[in-house]
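A closer look at the structure
Each chain, written out:
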Amino acid sequence: MGDLLCLADYETAAEDRLPEPTWGFLQGGSGAEITLGANRAAFDRLALRPRVLVDVAKTDLGATLLGDPVRAPIGIAPMAYHRLAHPDGEVATARAAAEHGVPFVLSMFASRTFADVAAVTTAPLWLQLYWLRRRDALADLIRRAEDAGIRALVLTVDAPRVARRLRDLRSGFTVPPDITAANVDPAAMAVAQTGESGSSIQSHSREQFDPTITWSDLGWLREFTRLPVLLKGILHPDDARLAVEHGVDGVIVSNHGGRQLDSAIAAVDALPAVAREVAGRVPVLVDGGVRRGTDVLKALALGADAVLVGRPVLHGLAVAGAAGAGAVLGLLRDELAEAMVLAGAPRLADIGPGLLP
Ligand SMILES: Cc1cc2nc3c(=O)[nH]c(=O)nc-3n(C[C@H](O)[C@H](O)[C@H](O)COP(=O)(O)O)c2cc1C
C-alpha cells in the first residue's frame, strides 16, 4: 500500500479488485448522477484563505461528539453490506475505526452482527436506521442495538424509497446470497436477494420502507429509546429548524452521496444555511464527496462539527481489509492536520468562516 498516497489512489486500486456490478453499486449515484458530481465540484470550487505567522508546531484534532471523545472530526458514513468490499466486512471497518478513534455508523444493512462488530472496537458505534413498515422489526433492532452498546441512532430521512440507480439496473446488481443484513429479521429482508425488477435493493425498499413517516412519528422513536437520535439527509434549513424543534440530538447534512434525489444541492453547498439555523444547539455533520484533508477543513470552516466519509472507506476495505480502511482514515487525518498547519489553524477552534473568502 506504500505507493497509495491519497484517497484517489485507493479508488483506482479498488476498482481493479471488484467485479463490475459491485463497483457500479459502490460508486454509482441516482438518475443522471448530477448530484454525485456536484458533491465533488462544490468542494473543488471552494478556495481557502490561509493565515500566516501562527505557531503551528502542535496540531490538535481531538473533539467530542455526542459526549464521546474522538481523535479527529471524521467518522465513517453508514453503508450497506461492507462484505461486498471485503470478506471481513464491518468487522474490518470497526478495527480501522478503533485504530483511529473515530465513530463508525453501522448501516441497518450491515453484513456482520452487532456482537461481532462491537467485539473488535473501542470506537463509538452508531446505528443507521431506515423506518421500516414493520415497526416491530424496527423496535427489535433498536433494542438489540442498545444491548450491544450502540451509542447513537442515525435515522436516514432522505429515502422514503431507494432512488433508481441506472448502473444497478443495467448490471442487474443483486446482493449475493451469502451476504445478508446480519442484524435484521430475515423475513423483512427476503426481497433484497431475489433480483426482482432488475434492481433488488430498489424493489426491496419499496416493499419495506415506510413512505408515510412524518415529523410526528419521531415522537415514537424518542419515547422508545434513550439513545441520542440524529437525522441524516437534511438539506433545507427549514428542516434543520424542525429537527431541532423535535428534539433531535444532531443533524447530518447529506444527499446520500448523490444516491437519492438527483439534482439535489451539493451537501457542502447546503451546509452553511443549515449550520446557521442550528446555531450550535446540536452537532452538525456533513457527508458527500469528502476525499481530501482540505475538504474536511472546508466543511469545518462552513460550520460542520465533523464530516462522515463513505465510499473511500469501502475502497480501503477492498484494497486491504482493515489495514486498507485504516490507511484511508489515516491519510485523511494526516491531510487534515497538514491543511490546518498550512492554513494557520492548528486547533479545531481556529477553523471558521475566516478561512474562506
Ligand atoms: C455503497 C453505499 C451504500 C450506502 N448505504 C447506505 C445505508 O445503508 N444507509 C444510509 O443512510 N446511507 C447509505 N449510503 C450513503 C452514505 O451514508 C453517505 O451518505 C454517502 O456515501 C457519503 O458520500 P461519499 O460516499 O461521497 O463519501 C450508502 C452509500 C454507498 C456508497
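**With respect to empty space enclosed by the protein**
- In this structure the tally under the stated criterion is three cavities of 30 Å³ or more.
- Put simply, the largest cavity is a space of about 510 Å³.
- Surrounding the largest cavity, 34 residues form its lining, Pro78, Met79, Ala80, His256 and Arg259 being those nearest its centre.
- Counting only elements with at least two residues in the lining of the largest cavity, the list comes to helix 2 (20–27), helix 9 (200–208), strand 10 (306–309) and helix 14 (311–342).
- Residue composition of the lining of the largest cavity, by class: 18 nonpolar, 10 polar and six charged.
- Its boundaries defined by the atoms lining it, the second largest cavity holds a volume of some 40 Å³.
- Every residue along the wall of the second largest cavity is listed here: Ala72, Ile74, His100, Val102, Leu329 and Arg333.
- Within the lining of the second largest cavity, the residues separate by chemical class into four nonpolar, one polar and one charged.

**Quick word on the packing of helix 11 (residues 237–245) against helix 12 (residues 267–278)**
- Orientation of helix 11 relative to helix 12, taken along the N-to-C sense of each, is 30°, at an axis distance of 8 Å. The crossing of helix 11 and helix 12 is right-handed. Taking contact as the criterion, the partners of Pro237, Ala240, Arg241 and Val244 in helix 11 are, on helix 12, Ala273, Val274, Glu277 and Val278.
- In terms of residue class, the contact of helix 11 with helix 12 is made up of six nonpolar, no polar and two charged.

**Section: helix 1 (residues 7–17)**
- All of the buried residues in helix 1 are Leu7, Tyr10, Ala13 and Ala14. When helix 1 is viewed along its axis, its buried side chains cluster within an angular range of 120° and face the same direction. Those residues of helix 1 that are exposed and aimed more than 90 degrees away from the buried face are Thr12 and Asp16.
- Buried positions along helix 1 lie against helix 2 and helix 14.

**Some words on the confidence of the model for the protein**
- The predicted model of the protein averages 95 in pLDDT, with 96% of residues at 70 or higher.
- Across residues 194–199, confidence stays below pLDDT 50; counting only partners more than four residues off in sequence or on other chains, it has 13 contacts.

**A closer look at the pattern of salt bridges**
- Enumeration over the complete set of coordinates arrives at 17 salt bridges.
- The closest approach of N and O atoms between Asp295 and Arg40, which form a salt bridge, is 2.8 Å. Residue Asp295 is found in helix 13 (residues 293–301), and its partner Arg40 is found in helix 3 (residues 34–45); the two are separated by 255 residues along the sequence.
- Asp249 serves as the salt-bridge partner of Arg222, at 3.0 Å between the closest nitrogen and oxygen. With a gap of 27 residues between them, Arg222 in helix 10 (residues 218–224) and Asp249 in the loop between helix 11 and strand 8 (250–253) connect regions that are remote in the sequence.
- For Arg222, a relative accessible area of 27% corresponds to the partly exposed category.
- Because the salt bridges share partners, they merge into one network encompassing Arg40, Asp44, Arg292 and Asp295.

**Comments concerning the environment of Ala38**
- In this fold, Ala38 is placed in helix 3.
- When its relative accessible area of 23% is taken as the criterion, Ala38 is described as partly exposed.
- For the pair Ala38 and Ala266, spaced 228 residues apart in the sequence, the C-alpha separation amounts to 5.3 Å.

**Points about the site of the ligand**
- With respect to spatial proximity, 23 residues lie near the ligand, and among them Pro78, Ser107, Thr156, Asp287 and Arg291 are the closest.
- The contact in question runs from an oxygen atom of the ligand to an N or O atom on the side chain of Ser107, over 2.8 Å.
- At 3.2 Å from a nitrogen atom of the ligand is found a side-chain nitrogen or oxygen belonging to Gln128.
- Across the complex, the protein chains shield 98% of the 600 Å² of accessible surface that the ligand would expose by itself.
- Using a 2 Å cut-off from the grid points, one finds that the ligand occupies the largest cavity.
- Grouping the amino acids of the shell around the ligand by side-chain chemistry returns nine nonpolar, nine polar and five charged.

**Examining the packing of aromatic side chains**
- Tallied over the entire structure, the rule returns seven aromatic pairs.
- Aromatic ring contacts, followed pair by pair, group Tyr81, Phe109, Tyr130 and Phe209 into a single cluster.
- The ring centre of Trp220 lies 5.0 Å from the NZ or CZ of Arg135, which sits over that ring.
- Across from the ring centre of Phe224, 3.9 Å away, lies the NZ or CZ of Arg143, which sits over that ring.

**With respect to helix 6 (residues 135–147)**
- Its 13 residues give helix 6 an end-to-end C-alpha distance of 18 Å, which sits within 8% of 18 Å, the value for a rise of 1.5 Å per residue.
- Those residues of helix 6 not exposed but buried are Ala137, Leu138, Ala139, Leu141, Ile142 and Ala145.
- In this structure, the buried residues of helix 6 make contact with helix 5 (114–119), strand 5 (125–129), strand 6 (152–156) and helix 10.
- A positive phi of about 90° marks Gly149, the residue just after helix 6.

What counts, and where the lines are drawn
- The numbering scheme is per chain: residues are counted from 1 as the chain's sequence reads.
- Given that the model is predicted, a residue must reach a pLDDT of at least 70 before its local features are reported, and side-chain atom pairs must reach 80 or more before they are shown or counted; all residues, however, enter totals for whole chains, interfaces and linings.
- Derived side-chain values reflect all non-hydrogen atoms in the structure, with water molecules and hydrogen atoms excluded from consideration.
- For cavity detection a 1 Å grid was placed over the protein atoms alone, and a set of points counts as a cavity when a 1.4 Å probe fits there but cannot get out; an open set counts as a pocket when protein lies on both sides within 12 Å along at least five of seven lines, with lining residues being those that have an atom within 4 Å of a point.
- Grid points are joined across faces, edges and corners, and a volume is the space filled by probe spheres set on the points.
- Comment: elements are numbered from the N terminus, with helices defined as DSSP H or I runs of at least four residues and strands as E runs of at least two.
- Gly is placed with the polar residues, together with every amino acid not listed as nonpolar (Ala, Val, Leu, Ile, Met, Phe, Trp, Tyr, Cys and Pro) or charged (Asp, Glu, Lys and Arg).
- Axis definition: a line fit to C-alpha positions, over the contact stretch in the case of helices; interaxial angles, taken between N-to-C directions, run 0 to 180 degrees.
- In this scheme, a crossing is called left-handed if the near helix is turned counterclockwise away from the far one by less than a right angle; it is called right-handed if the turn is clockwise.
- In this analysis, two residues are considered to be in contact whenever any of their non-hydrogen atoms come within 4.5 Å of each other.
- Note on classification: 1.4 Å probe, protein chains only; a residue is buried when its accessible area is under 20% of the maximum for its type, exposed when over 50%, partly exposed between these limits.
- Within this analysis, the arc is defined by the directions that extend from the helix axis to the C-beta atoms.
- Confidence per residue, as judged by the predictor, is encoded in pLDDT with a range of 0 to 100.
- When a carboxyl oxygen of Asp or Glu is within 4 Å of a side-chain nitrogen of Lys or Arg, the pair counts as a salt bridge.
- One heavy atom within 4 Å of a molecule or strand is enough for the residue carrying it to be called near that molecule or strand.
- Whenever two N or O atoms come within 3.5 Å, that pair is a polar contact, provided that in protein one can donate a hydrogen and the other can accept it, and provided that, for residues adjacent in sequence, both atoms are side-chain atoms.
- Accessibility throughout is a Shrake-Rupley quantity obtained with a 1.4 Å probe, and a residue counts as covered only by protein chains that appear here.
- Grid points define the cavity or pocket, and a molecule sits in it when more than half of its atoms lie within 2 Å of them.
- Pairing of aromatic rings covers Phe, Tyr and Trp, the last through its six-membered ring, and needs centres within 6.5 Å; plane angles under 30 degrees mean stacked, over 60 mean edge-to-face, and all others mean tilted.
- By definition, being over a ring means that NZ of Lys or CZ of Arg is both within 6 Å of the ring centre and within 35 degrees of the ring normal.
- Every helix has an expected span of 1.5 Å times one less than the residues it contains.

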